[in-house]
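Residues per chain are reported as follows:
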4 protein chains.
Amino acid sequence: MTDIGVWLVGARGNIATTAMVGARAVARGETDETGLVTAREPYADLDLPSVASFDFGGHDVREGSVLASARRLAERSGTPDQSVVDAVTDDLRAIDDRVRRGTALNCGERIAELADVEPLETDRGAAEVVEQLREDLRTFRRERGLDTVVVVNVASTEPEVSDPERFDTRDAVASAVESGETDLPASSLYAYAAFAEGCPYANFTPSAGASVEGLREMAREEGVPHAGDDGKTGESLTKAALAPMFAGRNLRVLSWEGHNILGNTDGAVLEDERNKAGKLASKGDILEGILPDIGHNRVRIDYTPSLGDWKTAWDYVHFEGFLDTEMTMQFTWEGSDSALAAPLVLDIARLLAHADERGEAGVQRHLASFFKAPLGVEEHDLSRQFEMLDDYVRECLADRKRGDAETDRGNGATEDGDAGGGPATPEAAPETTD
Amino acid sequence: MTDIGVWLVGARGNIATTAMVGARAVARGETDETGLVTAREPYADLDLPSVASFDFGGHDVREGSVLASARRLAERSGTPDQSVVDAVTDDLRAIDDRVRRGTALNCGERIAELADVEPLETDRGAAEVVEQLREDLRTFRRERGLDTVVVVNVASTEPEVSDPERFDTRDAVASAVESGETDLPASSLYAYAAFAEGCPYANFTPSAGASVEGLREMAREEGVPHAGDDGKTGESLTKAALAPMFAGRNLRVLSWEGHNILGNTDGAVLEDERNKAGKLASKGDILEGILPDIGHNRVRIDYTPSLGDWKTAWDYVHFEGFLDTEMTMQFTWEGSDSALAAPLVLDIARLLAHADERGEAGVQRHLASFFKAPLGVEEHDLSRQFEMLDDYVRECLADRKRGDAETDRGNGATEDGDAGGGPATPEAAPETTD
Amino acid sequence: MTDIGVWLVGARGNIATTAMVGARAVARGETDETGLVTAREPYADLDLPSVASFDFGGHDVREGSVLASARRLAERSGTPDQSVVDAVTDDLRAIDDRVRRGTALNCGERIAELADVEPLETDRGAAEVVEQLREDLRTFRRERGLDTVVVVNVASTEPEVSDPERFDTRDAVASAVESGETDLPASSLYAYAAFAEGCPYANFTPSAGASVEGLREMAREEGVPHAGDDGKTGESLTKAALAPMFAGRNLRVLSWEGHNILGNTDGAVLEDERNKAGKLASKGDILEGILPDIGHNRVRIDYTPSLGDWKTAWDYVHFEGFLDTEMTMQFTWEGSDSALAAPLVLDIARLLAHADERGEAGVQRHLASFFKAPLGVEEHDLSRQFEMLDDYVRECLADRKRGDAETDRGNGATEDGDAGGGPATPEAAPETTD
Amino acid sequence: MTDIGVWLVGARGNIATTAMVGARAVARGETDETGLVTAREPYADLDLPSVASFDFGGHDVREGSVLASARRLAERSGTPDQSVVDAVTDDLRAIDDRVRRGTALNCGERIAELADVEPLETDRGAAEVVEQLREDLRTFRRERGLDTVVVVNVASTEPEVSDPERFDTRDAVASAVESGETDLPASSLYAYAAFAEGCPYANFTPSAGASVEGLREMAREEGVPHAGDDGKTGESLTKAALAPMFAGRNLRVLSWEGHNILGNTDGAVLEDERNKAGKLASKGDILEGILPDIGHNRVRIDYTPSLGDWKTAWDYVHFEGFLDTEMTMQFTWEGSDSALAAPLVLDIARLLAHADERGEAGVQRHLASFFKAPLGVEEHDLSRQFEMLDDYVRECLADRKRGDAETDRGNGATEDGDAGGGPATPEAAPETTD
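On a predicted model such as this, the values are computed, not experimentally measured, just so you know.

A. Inspection of the interface of chain D and chain C at higher detail. Every contact between the two is made by 67 residues of chain D and, on the other side, 68 residues of chain C. Note on chain D versus chain C: buried area summed over both sides is about 5000 Å², and carbon and sulfur give 59% of it. Across the pair D:Arg384 and C:Glu387 runs a salt bridge whose closest N-O atoms are separated by 3.4 Å. Of all the secondary-structure elements, those providing two or more residues to the side of chain D that touches chain C are α1 (14–27), α10 (235–248), β9 (310–320), β10 (326–336), α13 (337–357) and α14 (382–401) of chain D.

B. Region of the structure containing the packing of helix α8 (residues 186–196) of chain D against helix α9 (residues 213–222) of chain D. All names here are of chain D. It is the contact of α8 with α9, at a shortest axis distance of 9 Å, that shows an interaxial angle of 15 degrees. With respect to α9, the axis of α8 lies roughly parallel. By crossing handedness, the relation of α8 to α9 is classed as left-handed. Residues Ser-188, Ala-191, Tyr-192, Phe-195 and Ala-196 of α8 form the contact with α9, whose participating residues are Leu-215, Met-218, Ala-219 and Glu-222. Partitioning the contact of α8 with α9 into residue classes produces seven nonpolar, one polar and one charged.

C. Spotlight on the relation of the copies chain D and chain C. Under the fitted operation, chain D is carried onto chain C by 0.0 Å of movement along the axis and a turn of 180 degrees, and the coordinates agree to an RMSD of 0.1 Å. Both copies of the chain, as the preceding transformation shows, are related through a two-fold rotation axis. Residues of chain D ranked by C-alpha distance from the rotation axis are headed by D:Phe331, positioned 2.0 Å from it. Both copies present the same face, since 100% of the interface residues in chain D are matched by interface residues at the equivalent positions in chain C.

D. Structural context of the confidence of the model for chain A. Taken residue by residue, chain A gives an average pLDDT of 89. The fraction at 70 or more is 92%. Within the model, the stretch residues 407–434 of chain A combines pLDDT values under 50 with 55 contacts to residues more than four positions away or in other chains.

E. View of the interface of chain B and chain A. Taken residue by residue, the interface counts 68 residues in chain B and 68 residues in chain A. Both sides together, the interface formed by chain B and chain A hides about 5000 Å², and carbon and sulfur atoms give 59% of it. Looking at the side of chain B facing chain A, the largest losses of area belong to B:Arg249, B:Phe322 and B:Leu323, adding up to 19% of the total buried there. On inspection of chain B and its partner chain A, the count reaches six salt bridges. Among the secondary structure elements, those contributing two or more residues to the side of chain B that touches chain A are α1 (14–27), α10 (235–248), β9 (310–320), β10 (326–336), α13 (337–358) and α14 (382–401) of chain B.

F. Inspection of the sheet that holds strand β11 (residues 362–363) of chain D at higher detail. Residues and elements named next belong to chain D. Taking strand neighbours across the sheet as the criterion, the seven strands line up as β3-β2-β1-β4-β5-β6-β11 in an open arrangement whose pairing is parallel. Each of the sheet's edge strands pairs with one partner strand only, and the pair in question is β3 (99–101) and β11. For strand β1 (residues 4–9) and strand β2 (residues 55–60), the ladder comprises five bridges, and the chain directions are parallel. Note that in β2 the partner of Val-6 across the bridge is Phe-56. Its contacts with the sheet place helix α6 (residues 126–144) against β1, β2, β3 and β4 (148–153), and it is angled at close to 160 degrees to β2.

G. Fine view of the pattern of salt bridges. All told, the structure shown has 116 salt bridges over all chains when counted by the stated rule. The salt bridge involving A:Arg298 is made with C:Asp302; its shortest N-O contact spans 3.7 Å. You can see A:Arg298 sitting in strand β8 (residues 297–303) and its partner C:Asp302 sitting in strand β8 (residues 297–303), one on each of two chains. The class for A:Arg298 is buried, based on a relative accessible area of 16%. For C:Asp302, a relative accessible area of 3% corresponds to the buried category. Here C:Arg134 and C:Glu197 are joined by a salt bridge, their closest N and O atoms 2.7 Å apart.

H. Representation of unusual backbone geometry in the model. A cis amide bond links A:Gly228 with the next residue in sequence, A:Asp229, at an omega value of 0 degrees. Mapped onto the elements of the fold, A:Asp229 is located in the loop between β6 (225–228) and α10 (235–248). The step from B:Glu41 to B:Pro42 runs through a cis peptide bond, and the omega angle for that step is 0 degrees. If you trace the backbone, B:Pro42 turns up in the loop between α1 and β2 (55–60). In this structure, C:Leu323 takes a positive phi of about 60 degrees despite not being glycine. Assignment of secondary structure puts C:Leu323 in the loop between β9 (310–320) and β10 (326–336).

I. Examining the domain arrangement of chain A more closely. Residue and element names in this part refer to chain A. You can read the domains of chain A as domain 1 (4–231 + 339–370) and domain 2 (235–335). Measuring from the centre of the C-alpha atoms in domain 1 to the corresponding centre in domain 2 gives 27 Å. At the junction of the two partners, domain 1 supplies 18 residues and domain 2 supplies 20 residues. Counting each side, the surface lost to burial between domain 1 and domain 2 is near 1500 Å², with a carbon and sulfur contribution of 52%. Between domain 1 and domain 2 we count zero salt bridges in total.

Cut-offs and rules
- Residues numbered from 1 in each chain as written.
- Chains lettered and ligands numbered in written order.
- Predicted model: local features only at pLDDT ≥ 70, side-chain atom pairs only at ≥ 80, totals over all residues.
- Heavy atoms only, no water.
- Contact = heavy atoms within 4.5 Å.
- Buried area = accessible area lost by both parts, 1.4 Å probe.
- Salt bridge = Lys/Arg side-chain N within 4 Å of Asp/Glu carboxyl O.
- Helix = DSSP H or I, 4+ residues; strand = E, 2+ residues; numbered from the N terminus.
- Axes fitted to C-alpha atoms, helices over the stretch in contact; angles between N-to-C directions.
- Parallel < 35°, antiparallel > 145°, perpendicular 65-115°, else oblique.
- Left-handed = near helix turned anticlockwise from the far one by under 90°.
- Nonpolar A, V, L, I, M, F, W, Y, C, P; charged D, E, K, R; others polar.
- Least-squares fit on C-alpha atoms with pLDDT ≥ 70 in both.
- pLDDT = per-residue confidence, 0-100.
- Pairing = 2+ DSSP bridges.
- Buried < 20%, exposed > 50% of the residue type's maximum accessible area, 1.4 Å probe, protein only.
- Domains from an automatic or database assignment.

Printed below as a string of structure tokens:
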């Protein structure tokens, strides 16, 4: 078993806080692993690093502490419970010592307003910002004696990057960063720093992260596994489960309206139309992917302060069946955003650490079920995405059985195409260069 | 292309009527094939017999006519549209000439009360009833010059059969029928008659149909394909799509409440608790199959006359996620029962006719996605059931490509285990004798 | 019994069409009076002019005909039924002969785009437009031999009028109209023309109509009754019924989210944010009026083409009770906008004709229950608004009983304050000049 | 200000516990009065005894303590909050010393099974049971030095009483009690004991309580005010607010389906069909009262353990409007049963204590808004019921203003007909003897 560190960008936010409280609560026997995908069969057979063993650290641009965030969540939203926060208070204090000042470069005005710690870019250029991020990761790894540090972006949603094809090569990205004048957003700079340090990276947000082609090239060349974008936690998850039913039964969806209301910082940031754009795009794509002939597809996200960390979604599906019969389905989803997202962050960290140990580099397509806009994957049917993960796990277990001890960074698969490959991901074929 | 007849048990009921109106409306260009599963890719590539080519006939124990039923549906429920009924009126009149007096033997008091035509058993024993059913099928085939007659049961739900293991062998079933004193219900007698005449049979209801072991043996021995039980059209369909999401994400379902209200004859029959029992069992099993640890699972079906042929279902899911967080999801489904069921009846007829031509005998497991309680299949995840059908179709297309012209009744697969076999249906393995 | 004409502005629109089809269907015994408020006790005792006796005419700026609109509604939305349209086809043809070219002056770009008939302002100024409108009303009255013509505005929603206090006196309004350069919108010009001709006027939309003080003065001086604004038909109606429950029980509403989706012309016009502003204001005011301490109150109206004339609203209420317990209520309303609005248009016409005969002038406050933003009334509790109407009717019946035959235009109440006055409308007190 | 005691039957149950925790939390400044009807205008002007001043005691037949119930509620349902329970722990301990062993006589098998304290009837007849109840009330009053003790029944629902007309006179009731062989249920024996001791009594459940005519006669003769039956807290409250909208708009309700799921003791008791009957009757009557022509009206109550003290209701309304258009409305209510009921118990106690001081005897009709089946009142429209209370309060305030110091038990109104009388309760007229 290796020693794994998990470095969370947006460490004092709700998702990061809930993930850390949860991992420590599991470690202390305060809760069980319900909600952790990797805790169920067949994934539980993989011998992944336990969440109880994770060391945590992270970056943030907002004042406060993880402990304060945890208490505020308990107070306002009831998740986690106050008694659980009490039980892990010492652990959170220790983690708080490892949270560093981060960057909000190119994250838009809304996030800049929220950033009440002086972000790194206040007194340095992009190149120096990245250098500092790398330094922070190295220090974390060294001081905690870690084999692997997995970086996960759970910060607020940034505005979309214009003309992302400007960053189509590793060189273009590197030049932009070194020039000090880049408009690459923070999420991408974190990815750059992670890859440069050999750290697996996951982008749990709809921000750019490692999605530009140049960063994906860098990950492959550095032999680092990564995944993204945008964790699929509630309404989108349900869409990914339901839409295949309409497609399978050849029912024509005339309109699919989705209305999300939520009251946390994420909601406040999304009040800015620019930050909202990317989020809506990744949410909308799920339906377009599964129902190419869909008639009308709109998603609304509104900020409703009283809901705190809870998100309510109402979806209304107007569809046509046999003999032109119009019918409807509607659902209401009421969930705690953080309680739904946090275990997935831990799942992804476990699976990326595992992939890193197996020497897998580039996009980890078998993680598609975790994301709204899975990198390198066209499949949006949730059940089929789970099968991609099943296939991968089966393969890993078979490898292990074969005494495949030679699977290491040296001779492992270094092309995305090999991960979770085979019949389950035929759509991966065209993207041969990735 | 062969000439296919479709013989509907419960021919004057809503589902049968809608299926026949729909097939004729497609034939006359009055509507398209939305809602027909077999009209979409990849199934559309199979070259199945077209629904426009189907000849129809059937049995019923209620007075009236298919045309009258169609007009009543148009009037009360709006599906099909009155203009469509007008366009196919002559076709329905012709079909009405081919509807014969049926049997309601052992169907319970409720159905007996509704039977206003004198059913066959009024003046003869079970053996003679079966003989008449066979005679009716033979006449239909001969007079219409049909290659194959597919029998589909869309009659009202019967009470459950007690001690079905009494009918575990073909001999036991045959003795029961010949004795003239059997308590086998009408749906099973129709299956018996169908198999005896070499007709494929599908049971679209939760009644016993061909589910007793002795009838399954008979089908295999006679080389006849069949499928069942209980068409999956609305609430249950949605459950089969949604429940895997909770299972996949390791979310613990504490309670799943389902409340169905409907206003058609099916609803009236289900007012009798005995007739309701089988229906609730097959609806409940879907969740138990996908979520073995489910805490509380109740389904209610209530008769609400004003809804006519429309069924509204409200489902409420109370579940627990990470850090013991309790969350909820609810959905409301509002659909025309008949408009949802009718195309599936046509789909199943197409696929059974195709299987019959390929010489496949016994339970057609790859039709699992159509049924609430699919015979011989443990898999209830809707997407995975669709993959079973995909795999089967891929195999058929591959066979065809190989110029597999020798696939006929003589050397075809005659064991259920071969249909839709392979990795997609590992759960079929234990049932090797079927 | 007097002969009553009803003149509908927006005559070829859905609401007007449905109102006329409905009135004629009642006249021909094709349907009953369900949905007509004035058909129930105690209002039925008032001896109002029957809807079957109404003569119809109107203005429009869109091409087509009432008959074509009726057929399109039957086809797309199922209300009215095609057979009903057939039964009243001749009546609609006759009405179509009495529909005149109207005005869209100052109605915003969106409506201007939809106006495919050349509106009156194409070749004349505001003064001449008004003169033509008056001429049309006079012609209708004369040719049909009518005692009273009630004008009801059911045209699309206009943008809000800026600085409405500019029109605070009758003189200011008259100068603006005569100048030919006014920015008074069409709805107000129609009101001006109606009052000038002694015609009662109702504004069933959130447009300005007769709400500016100068027009209200004109109505009082001319002795004409009027009412408005914005018919309360679905979601808002439900809010007016539900919100008093929260107020009455001292439950604190933290958030009330309303999301409306609809697919008719009204929806298309509301795509323009300027036209939407007034609508949202009148919808929002209901809650503010009943729940002055409401925390968060948002209404969304979105255009969803596939819904046609049907409107679906989802409302989510987050509230706090005893011991700081947070609870929720949500509702979904699915109604045919026109089928809900049309009978109210007829109700209002009946009641305005009755008021006119009694010699009541100015705002008819007892009609508050019909409107989202009732002129001159602060009460938004639906039950209390109905009691205002009950009180008025009781008073009228008592008057009649007293052989109060002298109640005529000569000595009738000419101040708004007298209509439905007394204890039921204490909030009317401050507005003594009206 | 007088000293008021509140004696709760079912003292260790959820509602009683929440009421007492709440009153003490208000007293200690831990929460505010949200949810208390009497805390809002105009009722707040009445100078009612404050809930903070209440002394509590009660009867129960279940083991445990109020403190244990409070902790269990906090743990399982989150209401009240654990920190609030901590703050009032000493108060609850003191109350627990004043809870006495009660009776479950004629409460049905289900409640008998739940009764784990030996109820009074174990070793004595009905007459002695009643004597003990009276003794307990006298002791409470004496030891706490109270002016008035208000008895409120918040125990589990009993089966319906057969042939209640057997108890049509005070003498019949007295004979039944004295005979020692009565089948009067516990709720009525508590009412008898209360009236005999001059204590105001409220029945917050659908049990018989003081509804039999003989007990009502006794209350009038003893000069004691009382009220009931069955607190209106959630789904029924919403029905009482919504149904008048359909009636007012002359919309024909074809079907109204209500489905309640809940997980507390009340739910468990209602699993017994006999106990459920009374509950369903009082819930159903609201709609029948407001919508006499309703087509189909069904209420279901199901026990769903995981919901604990939370109740979810789904209501589906199918209605017809103009031109035979069928439309629907549905709502989902999710509330904490106890948090909704508890403040009403305190409201009723305040208002009964106030009525007692004013010398009002018999049924307090102006409390109709609190009950599903208000004694002596036919009006079910929630807003009109609130107006009955408004009228009463206005009258009281006017009395007070007139220096109406002579209003005392000697010359006060002693006939129900006088309470909240006048135009607001015309339906009270026929019941002149009450």
